[in-house]
Amino acid sequence: MSLDEPLAPLTAEGIGFTSTWAVRAGDVDPYHRLRLDAVARYLQDIATEETHASTIRNTDPDWILRRTVIDVVRPVTFPDRVELRRWCSALSTRWANMRVRLTSDNGGLIETEGFWIKINAATNLPTRISDEGMAYLGRTATEQRLRWRPWLSDTLPPASESDVAFPLRATDIDQYNHVNNAVYWQIAEGFLIDYPKLVVGSHRAVIEYLAPVLARQQISVRSRYEPAGAGGHPLLQLWLVADGQVATIVKIGPLPH
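Bear in mind the structure is a predicted one, so any value in this text is a computation, not a measurement.

Rules used throughout
- Sequence order as written defines residue numbering, which begins from 1 separately in each chain.
- Totals for whole chains, interfaces and linings use every residue, but because this is a predicted model, local features are given only for residues with pLDDT of at least 70 and side-chain atom pairs only at 80 or more, for both listing and counting.
- To get the side-chain values, all heavy atoms of the structure are used, and hydrogens and water are removed first.
- Fitting a line to C-alpha atoms yields each axis, with helices limited to the stretch in contact; the angle taken between N-to-C directions then spans 0 to 180 degrees.
- In this text, helices come from DSSP runs of H or I with a minimum length of four residues, and strands from runs of E with a minimum of two, each type numbered from the N-terminal end.
- Angular relationships are summarised with four words: roughly parallel below 35 degrees, roughly antiparallel beyond 145, roughly perpendicular across 65 to 115, and oblique for the angles in between.
- Working rule for handedness: look at the near helix, and if it is turned counterclockwise from the far one by less than a right angle, call the crossing left-handed; if clockwise, right-handed.
- Between two residues, a contact is recorded if the distance between any of their heavy atoms is within 4.5 Å.
- Nonpolar core, defined: a set of buried Ala, Val, Leu, Ile, Met, Phe, Trp, Tyr and Cys residues in which side-chain atoms within 4.5 Å join the residues together.
- When a residue's accessible area, from a 1.4 Å probe over protein chains only, is under 20% of the maximum for its type it is buried; when over 50% it is exposed; and in between it is partly exposed.
- An arc is given here, and it is the one of the directions from the helix axis to the C-beta atoms.
- Salt bridge, as applied in this entry: a Lys or Arg side-chain nitrogen positioned within 4 Å of an Asp or Glu carboxyl oxygen.

Student: Mind laying out the packing of helix α1 (residues 36-53) against helix α4 (residues 181-192), listing which residues take part and the relevant values?
Tutor: Two numbers describe how α1 lies on α4: the axes approach to 7 Å, and their chain directions differ by 165°. If you check the angle between α1 and α4, you find them roughly antiparallel. Of the two elements, α1 crosses α4, and the hand of that crossing is right-handed. In contact with Leu36, Asp37, Ala40, Arg41 and Gln44 of α1, α4 contributes Asn181, Ala182, Trp185, Gln186, Glu189 and Leu192.

In structure tokens:
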């Protein structure tokens, strides 16, 4: 699997679950760009809306993210209104790729894909998707034997003076006692302040969660910026280290063509 892998296309117009809302002032940066952490919250919100509007609410309510891909084709800006369309593009018995397309009234377009794992809330361990859940998700899936393949595997660089500590806050922890996935994107946004050209045009941002980060763990962030990375384009890569172990990897660069 390559970082340049295209996302699954929309197989037919009108499929999936949709919702709309206005972009809030707290979702954007000083240049009115919809931030990556706000996009991550939007993905959680529409997942919650679909769960409550479908049979999955009773049969398969608990999921965690293993990877998120955010392709900003045309930025969404404030003030604007977004429509989100969510559908399952691929699945297996314990996980599913969920695509979400964000479009805005002013021409913004963001394509996303999340690798979601069904879990048992009592154990926080992967568990089988119910027959009802498989039938519901399978209506739009074009692949029924989805396998996990990592996109990000770069080796952690040596420690340096540029490593940044990130103290966890009580509000960073979700109902599973994990750091909420949108918080990781807040960390990324803190680095993008120094590399604004990465998000001026179209770009791809990928995050993979290797291990959950729990409340009270000590987090440090190691970074590497390559002005002329793969293909001569700039790349930003982040490693989130929790208690000495890599928990999460982030990579942000130009959108593959």
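Student: An account of the nonpolar core is requested, with residue identities and associated values reported.
Tutor: The biggest cluster of nonpolar side chains holds 59 residues, and the ones touching the most others in it are Leu137 and Trp185. In this structure, Leu137 is in contact with Ile56, Trp63, Cys88, Leu91, Ala96, Met98 and Ile129, ignoring residues within four places of it in sequence. In terms of nonpolar packing, the next biggest core, distinct from the first, is built from 7 residues, Leu7, Trp151, Val206 and Ile249 among them.

Student: Got a sec to walk through unusual backbone geometry? Specific residues and values, please.
Tutor: The linkage connecting Phe78 with the following residue, Pro79, adopts the cis geometry, with an omega of -5°. Along the chain, Pro79 turns up in the loop between β2 (63-74) and β3 (81-91). The phi dihedral of Asn124 is positive, around 60°, even though this residue is not glycine. Mapped onto the elements of the fold, Asn124 is located in the loop between β5 (109-120) and β6 (125-126). In this model, Asn177 sits at a positive phi of 65°, which is unusual for a non-glycine residue.

Student: Quick rundown of helix α3 (residues 131-138)? Include the residues and the values.
Tutor: Among the residues of α3, those classed as buried are Gly133, Met134, Tyr136 and Leu137. Buried residues of α3 fall within an arc of 165° about the axis and therefore sit on the same side. Turned more than 90 degrees off the buried face of α3, the exposed positions are Asp131 and Ala135. Where α3 is buried, its residues contact α1, α2 (56-59), β2, β3 and β4 (95-104).

Student: Could you give an account of the pattern of salt bridges, with specific residues and numbers?
Tutor: Inspection of the entire model under this criterion finds 18 salt bridges. One salt bridge connects Glu111 with Arg101, and the closest N-O pair in it is separated by 2.7 Å. Of this pair, Glu111 sits in strand β5 while Arg101 sits in strand β4, and the two are 10 residues apart along the sequence. A relative accessible area of 11% means that Glu111 is categorised as buried.

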